[in-house]
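# Coordinate inspection notes
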Amino acid sequence: MNIIELVKEYVLEKSNEYKINSNDNYDFWNEHIKYVYEESIKLAEEYNANFEIVSLGALLHDIALINRIGDRKDHHINGAMIAKELLKKMNYDTSKMNRVLKCIYNHRSSRNAESIEEICVADADIIAHFDNIPMLFNSAFIRNGVNLNEVREWMKNAFEEDYNDLSDNTKEMFREKYELILRIVIKN
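Before going into details, it helps to say that this report is about the structure given with it. Residue positions within a chain follow its written sequence, with the count starting from 1. Only residues with pLDDT of 70 or above have their local features reported here, since the model is predicted, and side-chain atom pairs are shown and tallied only from 80 upward, although totals for entire chains, interfaces and linings are computed over all residues. Heavy atoms from the whole structure form the basis of all side-chain values; hydrogens and water molecules are not counted.

This part takes up the overall build of the protein chain. Counting its secondary structure elements, the protein chain contains 10 helices and 0 strands. Its C-alpha atoms give the protein chain principal-axis dimensions of about 50 × 40 × 25 Å. In the protein chain, which comprises 188 residues, the share counted as buried stands at 52%. The criterion used for residue contact is that any of the two residues' heavy atoms lie within 4.5 Å. Across the protein chain, the fraction of contacts at a sequence separation of at least 24, relative to all contacts at a separation of at least 6, is 64%. Counting only carbon and sulfur atoms, one obtains 46% of the accessible surface of the protein chain, whose full area is about 9800 Å². Here the protein chain carries 24 positive and 33 negative side-chain charges, and the mean point of each set is 2 Å from the other. In DSSP terms, a helix is any run of H or I states spanning at least four residues, a strand is any run of E spanning at least two, and both are numbered starting from the N terminus. Exposure classes here rest on a 1.4 Å probe applied to the protein chains alone. A residue is buried below 20% of its type maximum, exposed above 50%, and partly exposed in between. Only the protein chains shown count as cover for residues, and the accessible areas themselves come from Shrake-Rupley with a 1.4 Å probe. His is not counted, nor are the chain ends; Lys and Arg add positive charge and Asp and Glu add negative charge. Working definition for charges: the position is that of NZ of Lys, CZ of Arg, CG of Asp or CD of Glu.

The structure is reproduced here in structure tokens:
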């Protein structure tokens, strides 16, 4: 089994543990990570990025949340530390590992990205919100306590913030989808 398959298996296992043992029963894999993984692969192909680095960064980008380690606001920092331990145990090449860790650390916005691989993971994390709109509704109601009367405005702001965090090239690629979502979901 290659490193991507091993890490994917690990993330699936941890995601299932979270779903079974958490109060919210959130399914990280099916509601978010699989979308990030799929979109990151597409972007890696589009931008000629290193497939292995992007794949591992996408798979591990929310590992701190899945493992319930630290605060949500610091999950990129804690996630990089968890991934470092995991990849070391798997005897993963140190120079590649450092590139994966930077993808995890900078996944919250492409503005912080320093490499094309980091851009792929950061942009894929955002695109996953466009791919799974029900997950964003869940976030509005459960995590953020938005009431039904305010959900359109909250969603509009969330989509605008996400779209503005995309890299310029990816933003152009997804402009039509973004505008369509605003017209349909937000009635903008």
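Among buried residues, those of type Ala, Val, Leu, Ile, Met, Phe, Trp, Tyr and Cys that are joined through side-chain atoms within 4.5 Å constitute a nonpolar core. V11, L60 and F159 are the most contacted members of the largest nonpolar core, which totals 63 residues. The dominant element in this core, judged by the number of residues it contributes, is helix α2 (residues 28-47), at 10 residues. Among residues more than four places away in sequence, those in contact with F159 are H129, F130, I133, L136, Y178, I181, L182 and I186.

Further remarks concern the environment of S22. Turning to its location among the elements, S22 is positioned in the loop between α1 (3-21) and α2. By relative accessible area, S22 is classed as buried at 8%. Separated by 17 residues in sequence, S22 and E5 have C-alpha atoms that sit 25 Å apart. Looking at S22, its side chain comes within polar contact range of the main-chain nitrogen of N25, at 3.0 Å. Any pair of N or O atoms that falls within 3.5 Å is considered a polar contact. Within protein, one atom must be able to donate a hydrogen and the other to accept it, and sequence-neighbouring residues count only if both atoms are side-chain atoms.

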